[in-house]
Amino acid sequence: MAEAKTRPTGVSVDEYLASKASAEQLADCRALMAICERVTRQPATMWGPSIVGFGGYTYRYESGRTGEAPLTGFAIRGRELVVYVSCEDPGQGALLARLGTHKMGKACLYFKRLAHLDTGVLEELIANSVATIQRRYPEAGDS
């Protein structure tokens, strides 16, 4: 079986941001880092080649297969930024409605500029997501 690419690496977060982010994105990434560090109380760490992650946990599928993931994180995807959040809990939908201009995938929140979002709502979404993961995986925290 192939080894998972999504795991903490020794790559520099600053080098990743400098190589991928436009000037506007870099400012947004720094603000996202502050939010994620405040919520998780964990430093930024590169997960795989392109995810700036915070904390971590081990998940297990019903098949018994396991993997690792950051509690939350973000990445630069071309002209958009993506924040990794769980929005399964009922209150998350109401927050998403108040967030601002974004697209939501299963666990990926896409947006072009942080200025288009209510950052207080974004922080609450991230905090609720982290709390959901920590309830689901009680050992979640520092990976």
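As shown above, the structure is provided for reference.
Computed from a prediction, not measured in an experiment: that's the story for all the values here.

Peer 1: Hey, could you run me through the pattern of salt bridges in this one?
Peer 2: Close approach of charged atoms lets side chains of opposite charge pair. The full count for this structure, using the stated rule, is seven salt bridges. Its salt-bridge partner being Arg-30, residue Asp-14 comes within 2.9 Å of it at the nearest N-O pair. Taken together, the positions of Asp-14 in helix 1 (residues 13-20) and Arg-30 in helix 2 (residues 23-40) put the pair 16 residues apart, joining distant regions of the chain. The residue Asp-28 makes a salt bridge to Arg-113 at a minimum N-O spacing of 3.0 Å. Of this pair, Asp-28 sits in helix 2 while Arg-113 sits in the loop between strand 8 (108-111) and helix 4 (119-136), and the two are 85 residues apart along the sequence. Bridged by salt links that share partners, the residues Glu-24, Asp-28 and Arg-113 form one connected network.

Peer 1: Hey, could you run me through the packing of helix 2 against helix 4 in this one?
Peer 2: Think of two packed helices as two axes; the pair is described by the angle between the axes and how far apart they sit. Put simply, helix 2 and helix 4 touch, their axes get as near as 10 Å, and they point 40° apart. In this view, helix 2 runs oblique relative to helix 4, as classed from their interaxial angle. Read as a crossing pair, helix 2 and helix 4 show a hand that is right-handed. Between helix 2 and helix 4, the contacting residues are Leu-32, Ile-35, Cys-36, Arg-38, Val-39 and Thr-40 on the first element and Thr-119, Leu-122, Glu-123, Ile-126, Ala-127 and Val-130 on the second.

Peer 1: What is the right way to look at the packing of aromatic side chains in this model?
Peer 2: What characterises a pair of aromatic rings is the spacing of the ring centres plus the angle enclosed by the ring planes. All told, the structure shown has four aromatic pairs when counted by the stated rule. A centroid spacing of 5.3 Å and a plane angle of 70° characterise the contact between Tyr-59 and Tyr-61, whose relative ring orientation is edge-to-face. For Tyr-59, a relative accessible area of 19% translates into the label buried. Taken together, the aromatic side chains of Tyr-57, Tyr-59, Tyr-61 and Tyr-137 make up a single cluster linked through ring pairs. The aromatic ring of Tyr-110 is capped on one face by Lys-103, whose charged end is 6.0 Å from the ring centroid.

Peer 1: Just to check I follow, could you spell out unusual backbone geometry for this structure?
Peer 2: Among all residues save glycine, negative phi is the norm, and among peptide bonds the norm is trans. Of note in this structure, Arg-41 is not a glycine but carries a positive phi near 60°. Here Arg-41 lies in the loop between helix 2 and strand 1 (44-47). For Arg-41, a relative accessible area of 73% corresponds to the exposed category.

Peer 1: Sorry if this is basic, but what is going on with helix 2 here?
Peer 2: Every α-helix carries 3.6 residues per turn, so stepping three or four residues along brings you back to the same face. For helix 2, with 18 residues, the first-to-last C-alpha span of 26 Å sits near the 26 Å given by 1.5 Å per residue. All of the buried residues along helix 2 are Gln-25, Asp-28, Cys-29, Leu-32, Met-33, Ile-35, Cys-36, Val-39 and Thr-40. The positive-phi residue at the C-terminal boundary of helix 2 is Arg-41, with phi of around 60°.

What counts and how
- Residues numbered from 1 in each chain as written.
- Predicted model: local features only at pLDDT ≥ 70, side-chain atom pairs only at ≥ 80, totals over all residues.
- Heavy atoms only, no water.
- Salt bridge = Lys/Arg side-chain N within 4 Å of Asp/Glu carboxyl O.
- Helix = DSSP H or I, 4+ residues; strand = E, 2+ residues; numbered from the N terminus.
- Axes fitted to C-alpha atoms, helices over the stretch in contact; angles between N-to-C directions.
- Parallel < 35°, antiparallel > 145°, perpendicular 65-115°, else oblique.
- Left-handed = near helix turned anticlockwise from the far one by under 90°.
- Contact = heavy atoms within 4.5 Å.
- Phe/Tyr/Trp six-rings, centres within 6.5 Å; stacked < 30°, edge-to-face > 60°.
- Buried < 20%, exposed > 50% of the residue type's maximum accessible area, 1.4 Å probe, protein only.
- Lys NZ or Arg CZ within 6 Å of the ring centre and 35° of its normal.
- Expected span 1.5 Å × (residues − 1).

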